[in-house]
Amino acid sequence: MKKIIAVAAMLMAFGGLKAQDCDAIMLPFFKGDMQRMEEYKAVAPEKFEYRCMISQSMMDVSDTIPQGALTFNINELTDILTGEKLSVSFVVDLNVMSFYQYSFYDFLTQIPQREEGIICFSTPSSEHPYLLVFSNHYMKGRLKGETE
């Protein structure tokens with residue numbers, strides 16, 4: 001449990017104190033089952049918060065495309081719960097957007113394992129025109145301070 005709290009504290013430190021709605025972020029993790037989510041929160045609140053922070057830490061927004069990022073249009077993403085593609089007019093709100101709700105893994109598999117990488121989605125209707133999704137290896141580097 002101490003490890004979970006330590007990792008959560010590191011994620012909060014590098015991610016800043018962003019307002020987030022963990023219920024909205026985590027509900028897709030439970031396939032929309034509110035009762036199951038509430039039971040999980042009651043039994044393992046630290047794990048619930050940790051998974052919420054992981055989801056939020058895997059994504060960011062940007063006004064530019066990072067060098068070397070693989071780029072796609074937001075309408076290439078699929079909502080896993082509905083099976084529908086996102087609209088080109090989709091507006092990113094990181095306070096409620098869940099890594100668990102969309103087909104990000106399908107795109108992250110295009111980055112070779114053990115390599116840092118960023119997937120960049122064009123989001124022309126959002127305040128910032130790009131949604132960035134970070135590979136697991138990239139995230140480990142960010143937590144260690146090795147990646148900008």
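The structure we're discussing is the one just above.
The written sequence of each chain sets the order in which its residues are numbered from 1. This being a predicted model, a pLDDT of at least 70 is required before a residue's local features are given, and a value of 80 or more before pairs of side-chain atoms are given or counted; all residues contribute to the totals for chains, interfaces and linings. To obtain the side-chain values, all non-hydrogen atoms of the structure were included, while hydrogens and water were left out.

A.B. asks: Please provide a residue-by-residue account of the environment of Thr82, values included.
C.D. replies: Helix numbering and strand numbering both begin at the N terminus, where a helix is a DSSP run of H or I of at least 4 residues and a strand a DSSP run of E of at least 2. Inspection of the secondary structure assignment puts Thr82 in the loop between strand 2 (70-73) and helix 5 (104-108). Spatially, the C-alpha atom of Thr82 lies 9.3 Å from that of Gln101, the residues being 19 residues apart in sequence. Counted as a polar contact is a pair of N or O atoms within 3.5 Å, where, for protein atoms, one must be capable of donating a hydrogen and the other of accepting one, and residues adjacent in sequence contribute only when both atoms are in side chains. From its side chain, Thr82 meets the backbone nitrogen of Glu84 in a polar contact 3.2 Å long.

A.B. asks: Account for the sheet that holds strand 1 (residues 59-62), naming residues and giving values.
C.D. replies: Pairing between strands is defined by DSSP: at least two bridges between the two strands are required. Strand order in the open sheet formed by four strands is 1-4-3-2, with mixed pairing between adjacent strands. Bordering the open sheet on either side are strand 1 and strand 2, each of which pairs with just one other strand. Averaged over all pairs of adjacent strands, the angle between their axes in this sheet comes to 30 degrees, without regard to strand direction. In this analysis, axes come from line fits to C-alpha atoms, helices being fitted only over the stretch in contact, and the angle between any two N-to-C directions falls in the range 0 to 180 degrees.

A.B. asks: Could you give an account of the environment of Asp79, naming the residues involved and the relevant values?
C.D. replies: With respect to the helices, strands and loops of the structure, Asp79 is situated in the loop between strand 2 and helix 5. On the basis of relative accessible area, Asp79 is assigned to the buried category, the value being 9%. With 51 residues separating them along the chain, Asp79 and Pro28 place their C-alpha atoms 9.7 Å apart. Throughout, a residue-residue contact means that at least one pair of heavy atoms, one from each residue, lies within 4.5 Å. In this structure, Asp79 is in contact with Glu84, Gln101 and Tyr102, ignoring residues within four places of it in sequence. In terms of polar contacts, Asp79 uses its side chain to reach the backbone amide nitrogen of Leu81, at 2.9 Å. In terms of polar contacts, Asp79 uses its side chain to reach the backbone amide nitrogen of Thr82, at 3.2 Å. Partly exposed describes any residue whose relative accessible area lies between the buried limit of under 20% and the exposed limit of over 50%, with all areas from a 1.4 Å probe on protein chains only and scaled to the type maximum.

A.B. asks: Residues and numbers for the nonpolar core, please.
C.D. replies: The definition of a nonpolar core used throughout is a set of buried Ala, Val, Leu, Ile, Met, Phe, Trp, Tyr and Cys residues joined through side-chain atoms within 4.5 Å. Judged by nonpolar contacts, the single largest core of 28 residues is most densely connected at Phe104, Phe121, Leu131 and Val133. Those elements that place two or more of their residues in this core are helix 2 (22-26), helix 4 (45-57), helix 5, strand 3 (118-122) and strand 4 (130-134). Setting aside anything within four residues of it in sequence, one finds Phe121 in contact with Phe72, Asn73, Ile74, Leu77, Phe104, Phe107, Pro129, Tyr130, Leu131 and Val133. With five residues, the next largest nonpolar core counts Ala69, Ile118, Cys120 and Leu132 among its residues.

A.B. asks: Help me get a handle on the side chain of Ser98, residues and values and all.
C.D. replies: Along the chain, the position of Ser98 falls in the loop between strand 2 and helix 5. For Ser98, a relative accessible area of 0% gives the class buried. Among all residues touching Ser98, those that are not within four sequence positions of it are Ala24, Ile25, Pro28, Ser55, Met59 and Phe104.

A.B. asks: Which residues make up the packing of aromatic side chains, and what values go with them?
C.D. replies: Within a pair of aromatic rings, the relevant descriptors are the distance that separates the centres and the angle that separates the planes. Two rings from Phe, Tyr or Trp (for Trp, the six-membered ring) form a pair when their centres sit within 6.5 Å of each other. Planes less than 30 degrees apart are called stacked, planes more than 60 degrees apart edge-to-face, and all others tilted. All chains considered together, the criterion is met by twelve aromatic pairs. An angle of 80 degrees between the planes, with centres 5.2 Å apart, marks the rings of Phe99 and Tyr105 as edge-to-face. Phe99 sits in the buried class, given a relative accessible area of 3%. Among the residues examined, Tyr105 registers a relative accessible area of 49% and is labelled partly exposed. What links up through ring pairs into an aromatic cluster is the set Phe29, Phe30, Tyr40, Phe72, Phe90, Phe99, Tyr100, Tyr102, Phe104, Tyr105, Phe107 and Phe121.

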